[in-house]
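Report on the structure
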Amino acid sequence: MKIMKEARVRTEEDKKKLIQIVGDMIDDVKNRKDEALREYSQRFDGSKRESFLVSKEEIQEAYAQLSPQEIEDLKKAASHIRAFAKAQRETIKPLENFSPAPGIFLGHRIIPVKSCCCYVPGGNYPLYSTALMLIIPAKAAGVARVAACSPVMKGTDRINPKTLVAMDIAGADEIYGVGGAQAIAAFSYGTQEIQPVDMIVGPGNQYVTEAKRQCYGQVGIDFVAGPSEVLVIADGNGTPEIVAADLLAQSEHDPNAKGMLITTDEKFGQAVIEAVEKELSWLSTAAIAEQSWQTYGEVVLAESLEEAVQIANAYAPEHLELNLSDPDSIKDRLYNYGSLFIGENTAEVFGDYASGTNHTLPTLRAARYTGGVWVGTFLKTCTHQSMTPEAMKELAPLVERMAQGEGLMGHAQAAKVRREK
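Residues numbered from 1 in each chain as written. Predicted model: local features only at pLDDT ≥ 70, side-chain atom pairs only at ≥ 80, totals over all residues. Heavy atoms only, no water.

As a further point, take the overall build of the protein chain. Summing up its helical and strand segments, the protein chain has 15 helices and 14 strands in all. Once the C-alpha set of the protein chain is aligned to its principal axes, its extents read approximately 85 × 60 × 45 Å. Looking at the protein chain as a whole, 50% of its 421 residues qualify as buried. A sequence separation of at least 24 residues applies to 74% of the contacts in the protein chain between residues at least 6 apart. Accessible surface for the protein chain amounts to roughly 20600 Å². Of this, 51% is attributable to carbon and sulfur atoms. The averaged location of the 57 negative side-chain charges in the protein chain is 8 Å from the averaged location of its 44 positive side-chain charges. (Helix = DSSP H or I, 4+ residues; strand = E, 2+ residues; numbered from the N terminus. Buried < 20%, exposed > 50% of the residue type's maximum accessible area, 1.4 Å probe, protein only. Contact = heavy atoms within 4.5 Å. Areas by Shrake-Rupley, 256 points an atom, 1.4 Å probe, with all protein chains shown as cover. Lys, Arg positive; Asp, Glu negative; His and termini not counted. Charge placed at Lys NZ, Arg CZ, Asp CG, Glu CD.)

Next comes the structure, spelled out in structure tokens:
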């Protein structure tokens, strides 16, 4: 392995100040509820909304600000995402009357959470696609109350119209013009205006992420996400400009985002580096993308595709692209990634917007133990059992002995009394 372009190693930042600030905000919202929520919303977003709940009139006004093409694009993307979410839902089945021994009947139900909040970021860009990615699978799962929230546009009291329309097309039951750590606290613990939910999903800045981490337990969350990542494995048979474009598509998200190439062809790696520099000369988002690329961009020369696979599995990237003449030769050996994009035709940005898979994915090596948001994120698999008298009499002595072995005599008695009575 040879490093052709080295990235700065991410270090664990001192998060004590962040933890304290967010913790204080959560406590403030818990104690002062809407009063605190309004103060934070005005301080950070300039919002003077009297009601956080978005009205039907506001939604209609948002539609009026979009062109017919923009609305049609959102509906088309939503149809792909919805179709895939429904197909995934159909693969998750209840189980009834499984019998490990005569007279014992086991099973499980698939139960959606009753309520969730889908957090859609504002920030540098209106990430309206995230509204589709969060709300649609929640609705496909059967969540009864799907609330959505997003910060208002700076200097206004309104959510970005594209985001608002996307939320409506996706099927949100309630929409709120509020964001930041204060929104996470509000949906976790409730205020006078906002009823708490069972689960919160969606990406956000470091304050939102820290608030989700601190509120976990009070509510369920999808995962704690960090800066966006893409890793491309290339054998040199592809197009350098395409790989460069994919690396910069992630780099423009955030100065802390990461684009990484692993290639078995040194000339191709150098060509990609040159193509990145060329695109940065005209890319309108180059201010962010160049900072990200210079700091965290990385190009690695692997001795073989086998070594490339090992590096990729160890890195566990959010997005993993296979820019190979024969991607099928290695895809089954890759097991740590948020989402996989197979072949040069399959751009990662297609998954970001409209192909149908979800773009809310694990980062910072979390792909080692979780996948991304999907319809199953909002479902619980809950077991049940029943047994006949004969099965109870057969099982009770075994359970009684095991309980006695652990010293839990009350457990033993609960088995024994059934057998005796």
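One non-glycine residue, Ala316, adopts positive backbone phi at about 50 degrees. You can see Ala316 is positioned in the loop between helix H12 (305–315) and strand E12 (319–323). The residue Arg365 is not glycine, and still its phi comes out positive at about 70 degrees.

For the structure shown, the criterion picks out 0 disulfides. Free of any disulfide, Cys118 has its nearest neighbouring cysteine sulfur in Cys116, separated by 4.1 Å. Residue Cys118 is classed as buried on the basis of its relative accessible area of 0%. The thiol sulfur of Cys149 is not disulfide-bonded, and the nearest other cysteine sulfur, from Cys117, lies at 3.8 Å. (Disulfide = S-S within 2.5 Å.)

Burial analysis of E12 places 5 of its 5 residues in the buried class, which makes it a mostly covered element. Side chains of E12 alternate between two faces, with His319, Glu321 and Asn323 and Leu320 and Leu322 buried alike. Bridging between strand E9 (residues 229–234) and E12 involves 5 bridges; their strand directions are parallel. Bridged to Ala234 within E12 is Asn323. (Pairing = 2+ DSSP bridges.)

To continue, consider the packing of aromatic side chains. All told, the structure shown has 2 aromatic pairs when counted by the stated rule. Here Tyr40 and Phe44 contribute two aromatic rings whose centre-to-centre distance is 6.0 Å and whose plane-to-plane angle is 5 degrees, an arrangement assigned as stacked. Placement of the pair is Tyr40 and Phe44 together in helix H2 (residues 34–45), with a separation of 4 residues, close to one helical turn. On the basis of relative accessibility, which here comes to 8%, the residue Tyr40 falls in the buried class. (Phe/Tyr/Trp six-rings, centres within 6.5 Å; stacked < 30°, edge-to-face > 60°.)

Let's shift gears to the pattern of salt bridges. When their charged atoms lie close together, side chains carrying opposite charge are able to pair. Using the criterion set out here, one finds 19 salt bridges in the structure. Close ionic contact of Glu193 with Arg38 constitutes a salt bridge, the shortest N to O distance being 3.5 Å. Here Glu193, found in the loop between helix H7 (180–189) and strand E7 (199–201), pairs with Arg38, found in helix H2; they are 155 residues apart in sequence, far enough to count as distant. Residue classification places Glu193 among the partly exposed positions, given a relative accessible area of 22%. The network of salt bridges with shared partners includes Asp28, Arg32, Glu35 and Glu39. (Salt bridge = Lys/Arg side-chain N within 4 Å of Asp/Glu carboxyl O.)

In this section: the packing of H7 against helix H8 (residues 206–215). Remark: H7 packs on H8, axes separated minimally by 7 Å, with the N-to-C direction vectors making an angle of 25 degrees. In terms of orientation, H7 and H8 fall into the roughly parallel class. For H7 against H8, the interelement crossing comes out right-handed. Of the residues in H8, those in contact with Gly180, Ala181, Ile184, Ala185, Ser188 and Tyr189 of H7 are Tyr207, Val208, Ala211, Lys212 and Cys215. (Axes fitted to C-alpha atoms, helices over the stretch in contact; angles between N-to-C directions. Parallel < 35°, antiparallel > 145°, perpendicular 65-115°, else oblique. Left-handed = near helix turned anticlockwise from the far one by under 90°.)

The strands making up a sheet are joined through hydrogen bonds of the backbone, oriented either antiparallel or parallel. In space, the 3 strands of this open sheet follow the order E2-E3-E14, with antiparallel pairing throughout. This sheet does not close on itself; its edge strands, each paired only once, are strand E2 (95–98) and strand E14 (379–387). With direction set aside, neighbouring strand axes in the sheet form an average angle of 15 degrees. Across 2 bridges, E2 lies against strand E3 (residues 104–112) in antiparallel orientation. What sits directly across from Leu95, in E3, is His108.

Attention shifts here to the environment of Pro94. Relative to the assigned elements, Pro94 resides in the loop between helix H4 (68–90) and E2. A relative accessible area of 55% means that Pro94 is categorised as exposed. Along the chain, Pro94 and Ala62 lie 32 residues apart, while their C-alpha atoms are 41 Å from each other. Beyond its immediate sequence surroundings of up to four residues, Pro94 is in contact with His108 and Ile110.

Right, let's get into the side chain of Glu58. With respect to the helices, strands and loops of the structure, Glu58 is situated in helix H3 (residues 56–65). Leaving out residues up to four positions away in the same chain, Glu58 has contacts with Arg49, Leu53, Arg158 and Leu164.

Together, Leu398, Val399 and Met402 line one region of the surface with nonpolar side chains, adding up to about 260 Å² of accessible area. For Val399, the position within the fold is in helix H14 (residues 389–405). (Patch = residues over 30% accessible without salt bridge, like charges linked within 9 Å, V, L, I, M, F, W, Y side chains within 5 Å.)

On to the sheet that holds strand E5 (residues 145–150), then. Reading across from one edge, E6-E5-E4-E7-E8 is the order of the 5 strands in this open sheet, with parallel pairing throughout. The sheet is open, and its two borders are formed by strand E6 (174–177) and strand E8 (220–221), each paired with just one other strand. Bridging between strand E4 (residues 115–119) and E7 involves 3 bridges; their strand directions are parallel. If you follow Cys116 over to E7, its bridge partner there is Met199. Packing of helix H5 (residues 128–141) onto the sheet brings it into contact with E4, E5 and E7, and relative to E4 it is tilted by some 170 degrees.

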